[in-house]
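One letter stands for each residue in the lines below.
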Amino acid sequence: MNLDQLLRENIRSLQPYSCARDEFKGEASVYLDANENPYNAPYNRYPDPLQWEVKEKISAIKNVPAENIFLGNGSDEPIDLLFRAFCEPRIDNVVAIEPTYGMYKVSASINDVEYRKVLLNENFDFLAEELLAACNANTKIIWLCS
């Protein structure tokens, strides 16, 4: 199954946001569309929203293509983005092994997605059969937190 089949339809059909900085591949003294101050350089500019400079440095260190690197504000932002991209509210569900990181359940609630938990046993193990039994055709994410 490819990624497009997993994405929500409204997310798949989105057109990427584009600003003048994306379309103009050089340095301008003023970006009027960004409502930036033309003075107080270099602190008068918004940072690159796609973080290409830092992604290129990570790419060189980790030997991963820069276009395959995602950077988020902590772990909460990517967790929320996964819910919003893949889970249809009031239809889909996610499964998590508990105890786990609390943001999974918070993001499920915020995004109106059913949260199903599989508890660890007294040895802090879980059974794969129990995990799979908690899943169904509407399970879009299984959270395995280490």
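For the structure given in this document, a descriptive report is provided here. Because the structure is a prediction, the values reported are computed rather than measured. (Residues numbered from 1 in each chain as written. Predicted model: local features only at pLDDT ≥ 70, side-chain atom pairs only at ≥ 80, totals over all residues. Heavy atoms only, no water.)

1. Describing the nonpolar core
- Counting residues in hydrophobic clusters, the biggest one holds 11 residues: Ile79, Phe83, Cys87, Val94, Ala96, Tyr104, Ala108, Val113, Tyr115, Ile141 and Trp143.
- Listing elements by their share of this core, those giving two or more residues are helix H5 (76-86), strand E1 (93-98), helix H6 (103-110) and strand E3 (139-143).
- Ignoring sequence-local partners within four residues, the contact set of Ala108 consists of Phe83, Val113 and Tyr115.
- Of all hydrophobic cores here, the second largest spans five residues; its members include Ile97, Val118, Leu131 and Ala134. (Core = buried A, V, L, I, M, F, W, Y, C linked by side-chain atoms within 4.5 Å. Buried < 20%, exposed > 50% of the residue type's maximum accessible area, 1.4 Å probe, protein only. Helix = DSSP H or I, 4+ residues; strand = E, 2+ residues; numbered from the N terminus. Contact = heavy atoms within 4.5 Å.)

2. Quick word on the pattern of salt bridges
- A complete count under the given rule lists six salt bridges for this structure.
- Across the pair Glu88 and Arg8 runs a salt bridge whose closest N-O atoms are separated by 3.7 Å. Placement of Glu88 in the loop between H5 and E1 and of Arg8 in the loop between helix H1 (3-6) and helix H2 (9-12) is noted, with a sequence separation of 80 residues between them.
- Take Glu88: its relative accessible area is 29%, and that puts it in the partly exposed class.
- Since its relative accessible area comes to 16%, Arg8 is described here as buried.
- Put simply, Asp112 and Arg90 hold a salt bridge, and the shortest N to O gap is 2.8 Å. You can see Asp112 sitting in the loop between H6 and strand E2 (114-119) and its partner Arg90 sitting in the loop between H5 and E1, a full 22 residues away along the chain.
- Judged by relative accessible area, which is 37%, Asp112 ranks as partly exposed.
- Residue class for Arg90 comes out exposed when judged on its relative accessible area of 67%. (Salt bridge = Lys/Arg side-chain N within 4 Å of Asp/Glu carboxyl O.)

3. Section: the sheet that holds E1
- Pairing within the open sheet is parallel, and its three strands lie in the order E2-E1-E3. A strand with exactly one partner marks an edge of an open sheet, and here the two such strands are E2 and E3. Put simply, the sheet's adjacent strands are angled 20° from each other on average, direction ignored.
- With six bridges connecting them, E1 and E2 associate as parallel partners. Note that in E2 the partner of Glu98 across the bridge is Leu119. (Pairing = 2+ DSSP bridges. Axes fitted to C-alpha atoms, helices over the stretch in contact; angles between N-to-C directions.)

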